[in-house]
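# Close look at the chain arrangement
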Amino acid sequence: MLKQALHQSHYLHQQDWSAITSRARIGIASRKVWSWRPVVSMATSYHEDVVLATRAVRLASRLCQSVQRGLLKQETQTKADKSPVTVADYGSQALVSWSLAREYPSGSFSMVAEEDSEDLRTEEGAPVLERITQLVNETIASDATLDVAPLSKEDVLEAIDRGNSEGGSNGRHWVLDPIDGTRGFVRGDQYAIALGLLDNGKVVAGVLGCPNLPMESIANGVPASSNEPVGCLFSASLGAGATVESLDGSVKPKPVHVSSVEDTTAATFCESYESAHSMQDLTANIAGVLGVKAPPVRIDSQAKYGAMARGDAVIYLRFPHKGYREKIWDHAAGAIVITEAGGEVFDAAGEPLDFSRGRWLDLETGIIATNKKLKPVVLSAVQKCLKEQKPSAKH
Ligand SMILES: Nc1ncnc2c1ncn2[C@@H]1O[C@H](COP(=O)(O)O)[C@@H](O)[C@H]1OP(=O)(O)O
Ligand SMILES: [Mg+2]
Ligand SMILES: [Mg+2]
Ligand SMILES: [Mg+2]
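Residues numbered from 1 in each chain as written. Chains lettered and ligands numbered in written order. Predicted model: local features only at pLDDT ≥ 70, side-chain atom pairs only at ≥ 80, totals over all residues.

### Focus: the domain arrangement of the chain
By convention, interface size is frequently given as the accessible area that disappears when the constituent parts associate. This is how the line gets drawn: Segmentation of the chain into domains, including their bounds, is taken from an automatic or database domain assignment. For helices the rule is a DSSP run of H or I covering at least 4 residues; for strands it is a run of E covering at least 2, with both sets numbered from the N terminus onward. Ten residues, namely Ala, Val, Leu, Ile, Met, Phe, Trp, Tyr, Cys and Pro, are considered nonpolar, four, namely Asp, Glu, Lys and Arg, are considered charged, and the remaining ones, Gly among them, are considered polar.
The domain boundaries assigned to the chain delineate domain 1 (31–255) and domain 2 (264–393). The C-alpha-based centres of domain 1 and domain 2 are spaced at 23 Å. Counting residues per element, the side of domain 1 that touches domain 2 draws most heavily on strand 6 (residues 202–214), which supplies 8 residues. Grouping the constituent residues of the side of domain 1 that touches domain 2 by class yields 24 nonpolar, 12 polar and 7 charged.

### Focus on unusual backbone geometry
The condition that has to hold: Whether a residue is buried, exposed or partly exposed follows from its count of other C-beta atoms within 10 Å of its own C-beta, namely 20 or more, 12 or fewer, or something in between, respectively; the C-beta atoms are built from the backbone.
Positive phi is not limited to glycine here, since N200 has a value of about 50 degrees. By secondary structure assignment, the location of N200 is in the loop between strand 5 (192–199) and strand 6. By the C-beta count within 10 Å, which is 17 here, N200 ends up partly exposed. In this structure, S301 takes a positive phi of about 75 degrees despite not being glycine. Along the polypeptide, S301 turns up in the loop between strand 11 (297–298) and helix 8 (303–309).

### Section: the sheet that holds strand 13 (residues 343–346)
Where we set the bar: Strands qualify as paired when DSSP identifies two bridges or more between them. Contact between two residues is assigned whenever their backbone-derived C-beta positions fall within 7 Å. Inter-axis angles, ranging from 0 to 180 degrees, are taken between N-to-C directions of lines fitted to C-alpha atoms, where helices are fitted over the stretch in contact.
The 5 strands are arranged 11-10-12-14-13 in an open sheet whose pairing can be described as mixed. Edge positions in the sheet fall to strand 11 and strand 13, since each has one partner strand and no second. Taken together, the 2 bridges between strand 10 (residues 269–271) and strand 12 (residues 315–318) define a ladder with parallel strand orientation. Looking at the pairing, C270 lines up with Y316 of strand 12. With respect to the sheet, helix 9 (residues 332–340) is in contact with strand 13 and strand 14 (367–371), its orientation differing from that of strand 13 by roughly 145 degrees. Contacts from helix 10 (residues 375–388) reach strand 12, strand 13 and strand 14, with the element oriented near 150 degrees to strand 14.

Structure (structure tokens):
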């Protein structure tokens, strides 16, 4: 409560500041950009936030790419919830947090992020922290635009822990999954650095860095080799559409749109690579009811949302096993990329995802994304299959 009250008072203060200086801020790249705004409306532009988010995600992507290239077994730990976490998860979170927070007045930055520094503060965590700090500093040093002193281990811990916000329905909060799809990352497959922005409980901007996603369509699976660059960056902000560009900047942003397929028999669907993350027997039933003929495109992480936003697949079905609670950082960036590309993301009741409730998403069984035309028929197939599911397998 106290935190929220403090946040709100900053928020009000910043409204005044923003009104006075908004004109001066536009287009000045070398100056610090504070981008507080009073209310969510179609007239509000989140362009500057997307610029900041893009810079942060690119920086973190470089660290992740470097770790994935030389991934060593001892660089993977298992968290208490049995999900793997690597030095890259921590390093990515530290870099995004550091990169964004330096643009904000002290104490006014809020971020809801997956990782925390607890394990790194133990004796066992000391060498891991050492390695993360080294990776963070190497990445910063490799960026010619950043002329800053190296971060200390304490700076890195602090940056990671800046992700401890509870989010909620008031004010502005960044939402970060530093590596979404850690299992895919460890396997050498798809993963994403997913960064969203909440304004009064609504996702208003999002950037998805997908270092292993080819710029060409993966409708027929991920090609083994390609002349197109690998590494995509999707971005979107409220009312401004969604774009894709190459992560390395060699291909400029171009608008993306979800598939316009209206006939489910011609539709393709995507889902988790990991069968432990989604009930693939249920999704196969749903696909059967819809008459989908093609086999699913199975890839890790929110890269699925990016791929869908440019039409590589028409439907995304995600039905975690009983007891799993979805987190906001696993969907915030992906959801706005899809909606700004003309699609919809909803739960089994047909409701849009509610990001205003804190760190978790409270939703009615499963997450579905598709185009607006197909929503009713997909929803009805989902509801039919859920009803027919054996009680023991139900959520
Ligand atoms: N048991 C689980 N069920 C569903 N999702 C999970 C489970 N464990 C981890 N996840 C999260 O699912 C997402 C990736 O799923 P997928 O690749 O199947 O779409 C990630 O956010 C991953 O977390 P993490 O960010 O730690 O990788
Ligand atoms: Mg994780
Ligand atoms: Mg995740
Ligand atoms: Mg993660």
